[in-house]
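Tertiary structure, described
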Amino acid sequence: MMEPATVVGHDAVRLSRIPNFRGLFALLVLALRQQVRGWRLIILGLLFLLPGALAAIVYEAAPASARRSSPAEVFDFVFLFMLIPHALAPLAALLCAGGIVRDEVEEQTLTYLLLRPLPRMAIYTVKLLAALIIAALLTSFFTVATLVFIAWLSGEPPTVGYVAQGMTIAAIFSLAQVAYCGLFALLALLMRRALLVGVIYIIFFEGLLATFDTIARRMTVMYYFRLLVLRWLNPARGVTWEFNLKTAPTAANCVLTLLVAGFVLAIVGSLIFASREFRMKTPEGE
Amino acid sequence: MNAVIEFDGVSKWYGNVIGLNKLTVRIAAGVTGLLGPNGAGKSTMLQLATGQLRPSQGEVRVLGHRTWNNAALMRHIGLCPEQDAFYEWMTGLGFVRTCARLTGMSLRKATAAAEKAIARVGMTDNMGRRIRGYSKGMRQRIKLAQALVHEPRVLLLDEPFTGTDPVARRDLSAVIRELGESGHSVVVSSHVLHEVETLTTNIVLVHRGRLVAEGQIQQIRDLIDRHPHRIILVSDDYRSLAAKLVCWDDVEGVNVLRDRQALLIETRTPDSFYARLPAIALETVTPIREVYSDDNNLEAVFKYLVGK
């Protein structure tokens with residue numbers, strides 16, 4: 001081997017430790033733009049139209065006597081508080097949050113983010129925040145739109161507290177999405193078939209486990225979602241999802257639980273992201 | 001001269017596969033060619049130098065700082081990655097501006113910096129078009145622009161000429177030379193020797209994750225000259241040609257390649273051999289159809305250097 005080039009030391013530079021807030025904001029904008037692009041939003045938009053369409057079909061097919069017996073209350077319960085939270089809201093979180101890292105790795109664009117002066121934990125957190133914003137907005141918008149549509153369909157516009165009801169629904173769904181997004185983003189970071197595992201989780205944990213009155217259901221997002229619905233909205237008289245509201249957690253505790261769960265999941269995800277190598281395969285296969 | 005990039009006993013394993021093997025090398029300021037055949041470990045080196053990968057063993061430093069998980073250092077490093085990946089839906093300007101904004105520039109500064117970088121790589125006329133419509137050469141140029149946009153002190157270019165046409169190749173070479181002249185430290189990885197020769201005389205050679213040689217390109221060439229050169233002669237009358245060549249003092253070996261109707265000649269004095277060749281070509285009844293060196297590829301150079 002030949003002699004190495006003359007080297008006597010290194011040309012060290014002083015590194016700036018000022019947080020790159022502008023860079024993080026640019027990343028948030030980029031992540032939001034990525035979220036609203038492509039097939040994902042179109043599919044979710046179509047899925048979220050389903051409750052309204054089903055309500056219209058059921059209403060039109062029902063006999064006149066059934067139409068007169070307050071269908072709005074039933075529809076609200078079935079579609080707003082069963083179909084959307086059980087299937088569509090977690091699916092929206094799964095599709096939005098599940099791809100924040102995976103998509104960048106698959107498209108090999110993660111390099112462009114890792115090459116910028118942005119801490120890795122912040123990259124993950126900001127991308128998760130973008131996913132949460134889109135998932136929460138999407139769920140809230142379509143849920144409130146479905147609420148309005150059902151009210152119009154049944155001819156029973158809830159004139160009193162109409163805006164407040166919509167805002168409360170949006171707030172509850174957004175809180176649920178905090179936990180769902182944190183969970184599904186972490187899931188996608190840990191396993192390859194996160195989409196499949198996520199769907200299985202939605203069906204078995206949030207669907208079945210949350211329905212049975214066991215201590216295990218306290219591990220589900222749906223448990224706290226339902227409690228908040230019961231405490232803040234009381235959607236359908238007589239329906240309690242087998243809760244004893246006297247002993248169940250208070251609304252404040254539910255809010256806190258969902259926020260803390262989302263926060264802890266986000267921190268765990270960002271720590272894993274920061275410590276993980278993302279090797280970009282080159283065409284020559286190095 | 002100061003070292004800008006330092007690899008100190010660096011190994012990198014991908015499971016059971018070894019990417020780099022106890023590599024120690026210091027790369028000084030200026031333009032340096034990082035040469036090696038496919039799979040040598042060049043991209044691994046660049047990904048370690050940009051903190052994308054963590055060394056399994058040893059230490060990687062750029063500008064005196066560890067690279068792994070060192071976000072602040074990224075203000076001073078630019079990488080033109082090998083993979084042909086972009087945010088395809090963006091325009092060239094939008095992509096480079098986004099990269100600038102991610103480094104912390106305001107929108108106005110980022111736009112100005114992006115336009116400047118794009119002008120530097122000769123893409124101003126096409127910067128408003130979406131990247132998905134770009135040719136390979138345009139994509140390489142835009143990739144280089146994103147690496148330049150924050151004016152890094154250290155620029156790492158991973159196979160920047162891959163898939164480019166001769167015009168793009170010439171233009172990119174000119175840009176890289178300019179960058180070197182303007183005080184940037186540039187590392188250009190390639191598996192093609194002559195590509196690097198047009199940019200710099202200072203090279204680092206890696207092979208199978210190990211440092212094979214480093215220094216001036218002429219030294220490498222001298223090293224190669226100590227080994228027999230292999231020259232292929234194609235002729236229909238290769239047997240009588242072989243009979244004449246075995247008598248030459250400067251010919252060390254003659255191998256008959258029957259399938260190719262050719263001879264593989266080994267000589268330690270290729271210049272003298274080439275000088276005498278026209279005479280023998282005239283002597284033979286059947287002309288020599290083709291003459292070429294079997295050593296013009298980098299793989300052959302490495303075979304010499306690692307003694308295989």
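Whatever comes next refers back to the structure up there.
Notes on the structure in this doc start here. Treat the numbers as computed from the prediction; the structure is a model and nothing was measured.

A word on the overall build of chain B
Along chain B, the regular secondary structure elements total 10 helices and 14 strands. Expressed along its principal axes, the backbone C-alpha trace of chain B runs to roughly 75 × 45 × 35 Å. Across chain B, the fraction of contacts at a sequence separation of at least 24, relative to all contacts at a separation of at least 6, is 67%. Within the structure as shown, chain B displays about 12800 Å² of accessible surface, and the carbon and sulfur contribution to it stands at 49%. Mean positive and mean negative side-chain charge positions of chain B (39 and 33 charges, respectively) differ by 10 Å.

As for the packing of aromatic side chains
All told, the structure shown has 16 aromatic pairs over all chains when counted by the stated rule. Both rings, one in A:Phe184 and one in A:Tyr201, keep their centres 5.9 Å apart while their planes meet at 80°; by these two values the pair is edge-to-face. With A:Phe184 in helix 8 (residues 162–190) and A:Tyr201 in helix 9 (residues 194–209), this pair connects stretches of sequence that are 17 residues apart. The same class applies to A:Phe184 as to A:Tyr201, namely buried. The structure contains a cluster of three or more aromatic residues connected by ring pairs, namely A:Tyr112, B:Phe86, B:Tyr87, B:Trp89 and B:Phe95. For the cation-ring pair, B:Arg276 lies above B:Trp248, with the distance from its terminal atom to the ring centre recorded as 4.0 Å.

Here's the deal with helix 11 (residues 251–275) of chain A
With 25 residues, helix 11 of chain A extends 36 Å from end C-alpha to end C-alpha; this agrees with the ideal 36 Å at 1.5 Å per step. Among all positions of helix 11 of chain A, only A:Ala251, A:Cys254, A:Val255, A:Leu258, A:Gly262, A:Leu265, A:Ala266, A:Gly269, A:Ser270, A:Phe273 and A:Ala274 are buried.

Section: the interface of chain A and chain B
Listed per partner, the contact involves 54 residues of chain A and 66 residues of chain B. A combined buried area of about 5300 Å² lies between chain A and chain B, and 57% of that area is made up of carbon and sulfur atoms. Linking chain A with chain B are 1 salt bridge, by the criterion used here. Among the ionic pairs, A:Glu277 bridges to B:Lys12, the shortest N-O distance being 2.5 Å. Among the secondary structure elements, those contributing two or more residues to the side of chain A that touches chain B are helix 1 (21–35), helix 6 (110–114) and helix 11 of chain A.

So, a nonpolar patch on the surface
Nonpolar side chains collect at one region of the surface, where A:Met121, A:Leu256, A:Val260, A:Phe263, A:Val264, A:Ile267, A:Val268 and A:Leu271 lie side by side and expose about 680 Å² of accessible area between them. Take A:Val268: it is sitting in helix 11.

Focus on the nonpolar core
If you look at the biggest cluster of nonpolar residues, it comprises 118 residues, and the most contacted ones within it are A:Tyr124, A:Phe184, A:Phe273, B:Phe95 and B:Ile142. Counting residues per element, this core draws most heavily on helix 8 of chain A, which supplies 14 residues. Ignoring sequence-local partners within four residues, the contact set of B:Ile142 consists of B:Phe86, B:Gly92, B:Phe95, B:Val96, B:Ile118, B:Met123, B:Ile131 and B:Tyr134. Among the nonpolar cores identified, the runner-up in size contains 33 residues, and B:Ile5, B:Leu20, B:Leu48 and B:Val60 belong to it.

A short note on a positive patch on the surface
A surface patch of like charges, here positive, comprises A:Arg33, A:Arg37, B:Arg130 and B:Arg132. Structurally, B:Arg132 can be placed in the loop between helix 3 (107–120) and helix 4 (136–148). We classify B:Arg132 as exposed; its relative accessible area is 53%.

Details of the sheet that holds strand 4 (residues 57–62) of chain B
Paired through their backbone hydrogen bonds, the strands of a sheet run either parallel or antiparallel. Residue and element names in this part refer to chain B. Ordered in space as 2-1-4-5, the 4 strands form an open sheet in which the pairing is antiparallel. Whereas interior strands pair on both sides, the edge strands pair on one side only; in this sheet they are strand 2 (17–28) and strand 5 (65–66). By the bridge criterion, 8 bridges tie strand 1 (residues 3–14) to strand 2 in an arrangement that is antiparallel. Residue pairing across strands places Phe7 opposite Val25, the latter belonging to strand 2.

Structural notes on helix 8 (residues 238–245) of chain B
Along helix 8 of chain B, the residues that are buried comprise B:Tyr238, B:Leu241, B:Ala242 and B:Leu245. Taken end-on, helix 8 of chain B shows its buried residues confined to a sector of 100°, consistent with a single buried face.

Let's talk about the sheet that holds strand 9 (residues 202–207) of chain B
All names here are of chain B. A sheet is described by the order of its strands in space; here 6 strands give the open sequence 6-7-8-3-9-10, paired in mixed fashion. Every interior strand has two partners, whereas the edge strands, strand 6 (77–80) and strand 10 (210–216), have only one. Between one strand and the next, the sheet's axes are offset by a mean angle of 15°, whatever the strand orientation. Of the strand pairs in this sheet, strand 9 and strand 10 are connected by 6 bridges, and their pairing is antiparallel. Along strand 10, the bridge assignment pairs Leu205 with Ala213. Across the sheet, helix 4 lies against strand 6 and strand 7 (154–158), angled at about 170° from strand 6, the strand it touches most.

Quick notes on unusual backbone geometry
Phi at A:Gln108 takes a positive value of approximately 60°, unusual for a residue other than glycine. The topology assignment puts A:Gln108 in the loop between helix 5 (102–106) and helix 6. The phi dihedral of B:Glu159 is positive, around 45°, even though this residue is not glycine. As for its position among the elements, B:Glu159 is in the loop between strand 7 and helix 5 (166–181). A relative accessible area of 3% places B:Glu159 in the buried class.

A few points about the side chain of B:Arg101
By secondary structure assignment, the location of B:Arg101 is in helix 2 (residues 92–102). In this structure, B:Arg101 is buried with no salt-bridge partner, the nearest side chain bearing the opposite charge being B:Glu115 at 13 Å. When residues no more than four places from it in sequence are discounted, the contact partners of B:Arg101 are A:Arg22, A:Gly23, A:Phe25, A:Ala26, B:Ser106, B:Leu107 and B:Ala110.

Some thoughts on the packing of helix 2 of chain B against helix 3 of chain B
Residue and element names in this part refer to chain B. Between helix 2 and helix 3, the least distance of the axes is 8 Å, while the angle of their chain directions is 125°. By the angle class used here, helix 2 and helix 3 are oblique. Helix 2 and helix 3 meet at a crossing whose hand is right-handed. Listed contacts from helix 3 to Gly92, Leu93, Val96, Arg97, Ala100 and Arg101 of helix 2 are Leu107, Ala110, Thr111, Ala114, Glu115 and Ile118. Of the residues in the contact of helix 2 with helix 3, the class split is 7 nonpolar, 2 polar and 3 charged.

Concerning the packing of helix 4 of chain B against helix 5 of chain B
When two helices pack together, their arrangement is given by the angle between the helix axes and by the axis-to-axis distance. Residue and element names in this part refer to chain B. As a packed pair, helix 4 and helix 5 sit with axes 10 Å apart at the nearest point and diverge in direction by 15°. Judged on the interaxial angle alone, helix 5 and helix 4 are roughly parallel. Helix 4 and helix 5 meet at a crossing whose hand is left-handed. Side by side, helix 4 and helix 5 meet where Gly137, Gln140, Arg141, Leu144 and Leu148 of the first sit next to Val167, Ala168, Asp171, Leu172, Val175 and Leu179 of the second. When its residues are assigned to classes, the contact of helix 4 with helix 5 shows 7 nonpolar, 2 polar and 2 charged.

Rules behind the numbers
- Residues numbered from 1 in each chain as written.
- Chains lettered and ligands numbered in written order.
- Predicted model: local features only at pLDDT ≥ 70, side-chain atom pairs only at ≥ 80, totals over all residues.
- Heavy atoms only, no water.
- Helix = DSSP H or I, 4+ residues; strand = E, 2+ residues; numbered from the N terminus.
- Contact = heavy atoms within 4.5 Å.
- Areas by Shrake-Rupley, 256 points an atom, 1.4 Å probe, with all protein chains shown as cover.
- Lys, Arg positive; Asp, Glu negative; His and termini not counted.
- Charge placed at Lys NZ, Arg CZ, Asp CG, Glu CD.
- Phe/Tyr/Trp six-rings, centres within 6.5 Å; stacked < 30°, edge-to-face > 60°.
- Buried < 20%, exposed > 50% of the residue type's maximum accessible area, 1.4 Å probe, protein only.
- Lys NZ or Arg CZ within 6 Å of the ring centre and 35° of its normal.
- Expected span 1.5 Å × (residues − 1).
- Buried area = accessible area lost by both parts, 1.4 Å probe.
- Salt bridge = Lys/Arg side-chain N within 4 Å of Asp/Glu carboxyl O.
- Patch = residues over 30% accessible without salt bridge, like charges linked within 9 Å, V, L, I, M, F, W, Y side chains within 5 Å.
- Core = buried A, V, L, I, M, F, W, Y, C linked by side-chain atoms within 4.5 Å.
- Pairing = 2+ DSSP bridges.
- Arc of directions from axis to C-beta.
- Axes fitted to C-alpha atoms, helices over the stretch in contact; angles between N-to-C directions.
- Parallel < 35°, antiparallel > 145°, perpendicular 65-115°, else oblique.
- Left-handed = near helix turned anticlockwise from the far one by under 90°.
- Nonpolar A, V, L, I, M, F, W, Y, C, P; charged D, E, K, R; others polar.

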